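Remarks on the overall topology
Here's the letter readout for the chains.
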Amino acid sequence: MDLAYSPEEEEFRARLREWLAKALPTLPRKPSPQDWPGRRAYDLGWQRMLYDAGYGHVHWDASPTMRLIFLEETELAGAPYVGAGFVGLLHAGPTIAAEGTPEQRERWLPPILRGEEVWCQGFSEPDAGSDLAALRTRAWRDGDEYVVTGSKIWTSHAEVADWCELLVRTDAAAPKHRGITWLAMPMSAPGVTVRPLRTLAGSAEFAEVFLDDVRVPVSYRVGEENDGWRVTMVTLSFERGTAFVGEVVACRRMLGELARTARENGRWDDPVLRRRLGRMNAEFRALWRLTQWNVSGGGVPGVGGSVFKLRYSHARQELYDVAAEVLGAGAFDLERPWVLDRLSSLSYTIAAGTSQIQRNIVAERILGLPKGP
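Summarised in this report is the structure supplied together with it. (Residues numbered from 1 in each chain as written. Predicted model: local features only at pLDDT ≥ 70, side-chain atom pairs only at ≥ 80, totals over all residues. Heavy atoms only, no water.)

Moving on: the packing of aromatic side chains. Applying the stated criterion to the full structure yields ten aromatic pairs. Taking the centre distance of 5.4 Å and the plane angle of 75° together, the rings of tryptophan 163 and tyrosine 220 count as edge-to-face. Residue tryptophan 163 is found in strand β4 (residues 163–169), and its partner tyrosine 220 is found in the loop between β7 (206–217) and β8 (221–222); the two are separated by 57 residues along the sequence. Among the aromatic residues, those joined into a ring-pair cluster are Phe12, Trp19, Trp46 and Tyr55. The lysine or arginine in question, arginine 263, covers the ring of tryptophan 268, its NZ or CZ lying 4.1 Å from the ring centre. (Phe/Tyr/Trp six-rings, centres within 6.5 Å; stacked < 30°, edge-to-face > 60°. Helix = DSSP H or I, 4+ residues; strand = E, 2+ residues; numbered from the N terminus. Lys NZ or Arg CZ within 6 Å of the ring centre and 35° of its normal.)

This brings us to helix α1 (residues 7–23). At 3.6 residues per turn, the α-helix brings residues three or four places apart onto the same side. Relative to the 24 Å expected for 17 residues at 1.5 Å per residue, α1 spans 24 Å between its end C-alpha atoms, a close match to the ideal helical length. Those residues of α1 that sit buried are Glu9, Phe12, Arg13, Leu16, Trp19, Leu20 and Ala23. Seen along its axis, α1 keeps its buried residues to an arc of 135°; they face one direction. Of the exposed residues in α1, the ones pointing more than 90 degrees away from its buried face are Pro7, Ala21 and Lys22. Against α2 (36–52) and α3 (64–76) lie the buried residues of α1. (Expected span 1.5 Å × (residues − 1). Buried < 20%, exposed > 50% of the residue type's maximum accessible area, 1.4 Å probe, protein only. Arc of directions from axis to C-beta. Contact = heavy atoms within 4.5 Å.)

Time to look at the side chain of glutamine 121. Mapped onto the fold, glutamine 121 is located in strand β1 (residues 119–122). Within the structure, glutamine 121 has its side chain in polar contact with the side chain of histidine 91 (distance 3.2 Å). In terms of polar contacts, glutamine 121 uses its side chain to reach the side chain of glutamate 165, at 3.1 Å. (Polar contact = N/O pair within 3.5 Å; in protein donor to acceptor, adjacent residues only side chain to side chain.)

Within the secondary structure, glutamine 47 is located in helix α2. Classification of glutamine 47 by relative accessible area gives buried; the value is 6%. For glutamine 47, the contacting residues outside a window of four places in its chain are Gly56, Leu89, Ile112, Leu113, Arg114 and Gly115.

This paragraph deals with the nonpolar core. Grouped together as the largest cluster of nonpolar side chains are 27 residues, with contacts concentrated most on Ile96, Trp108, Trp119, Leu167 and Trp182. Elements supplying a minimum of two residues to this core: α4 (86–99), α5 (102–113), β4, β5 (180–186) and α6 (228–241). It is α4 that contributes the most residues to this core, six residues altogether. With residues near it in sequence (within four places) discarded, tryptophan 108 still touches Ile96, Glu117, Trp119, Trp163, Ala184, Tyr220 and Val222. In this structure, Tyr146, Cys164, Ala207 and Val214 belong to the second largest nonpolar core, which totals 25 residues. (Core = buried A, V, L, I, M, F, W, Y, C linked by side-chain atoms within 4.5 Å.)

Between two packed helices, the angle of one axis relative to the other and the distance separating the axes together describe the packing. Between α1 and α3, the shortest axis-to-axis distance is 10 Å and the interhelical angle comes to 30°. Taken together, the axis directions place α1 and α3 in an arrangement best described as roughly parallel. Between α1 and α3 lies a crossing of right-handed hand. Side by side, α1 and α3 meet where Glu8, Glu9, Phe12, Arg13, Leu16, Arg17 and Leu20 of the first sit next to Thr65, Met66, Ile69, Phe70, Glu72, Glu73 and Thr74 of the second. Taken together, the residues that form the contact of α1 with α3 break down as six nonpolar, two polar and six charged. (Axes fitted to C-alpha atoms, helices over the stretch in contact; angles between N-to-C directions. Parallel < 35°, antiparallel > 145°, perpendicular 65-115°, else oblique. Left-handed = near helix turned anticlockwise from the far one by under 90°. Nonpolar A, V, L, I, M, F, W, Y, C, P; charged D, E, K, R; others polar.)

Over its 17 residues, α2 runs 24 Å from end to end, which matches the ideal 24 Å to within 8%, given 1.5 Å per residue. Regarding α2, the residues found buried are Trp36, Gly38, Arg40, Tyr42, Asp43, Leu44, Trp46, Gln47 and Leu50. Buried positions along α2 lie against α1, α3, α4 and α5. Between the side-chain oxygen at the start of α2 and the backbone nitrogen of glycine 38 there is a gap of 2.9 Å, and the oxygen is on aspartate 35. The positive-phi residue at the C-terminal boundary of α2 is glycine 54, with phi of around 90°.

Side-chain direction in a regular strand flips from residue to residue, so the side chains alternate between the two faces of the sheet. Burial along β1 is two-sided: the residues Trp119 and Gln121 and Cys120 and Gly122 are all buried. In the sheet, β1 pairs with β4 via four bridges, with the strands oriented parallel. The partner of glycine 122 across the bridge, within β4, is leucine 166. (Pairing = 2+ DSSP bridges.)

Encoded structure:
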């Protein structure tokens, strides 16, 4: 497979680099990690700048390779991450683009691209994490509305979200994978209660969400009733296949910073550490090539996203273990970005599908192994 870039793609890269060099110095000061209203405004402001410059569409309308170049160049330039726009731009938006009606795409996609609305993800529940299909949040039809009751946990950006991509059970009698429906729920609806959760790193980008007879129009359903599991697989394919692209670039950049720091503080003299850094460099180069391969086919990422997610999660955790070796006693200084990133990395083998679940997907859908008894 040819993974080289065409002249047109390289011209796109050059124009983007030139624009980033002019735009980034004009950004306001980044808010505190604890100031989520401020972070929402900052992140949406950046998305608006991208939109006005003609780059707001790249997550959906551009070719997969153009999207890859965009994510690579913005990360290398130190541009803001999608932040509060993560779910809308990388999960819900692509899902609606792939599965929504023309009216739904017209209603929800432009506000996401213009940096006007934030989405959160209402998938996991207290008793339905890795086994997502065991979810219990119920929804029943009442005329042209669904009435929703239940609770969600680890709901990303719920406290600043306008909309929620919500999984509900609409047929309790059906097999658990067949009675699920994918809804777009307005977070302003009566009966929605949000309770922020503080993470190990001290931030609160997750929340519990309680739903008490929340009414959601049937027209806000994406896909058919009880076909939500298939739609969810589309969402998770985007999450596992392309949502971490920028982070791979960040990890490769961090490896270079680690090597420079090791030379400055004398830890470069340790041959075992040098070998680990070299192996990690090879690993992230391979992950980058896998990313290119995953997006080269266009459309919805396939099960290759699970291969990527599985290996990337563990590689990222190992990277921050190496960072702790390089920093020595500084690995306990919470003012250092790498330290907070290390705490955050502990969740990667759980978030977006646990490593155990990814191994099952790879074994069954790629290797063709039988399911266990």
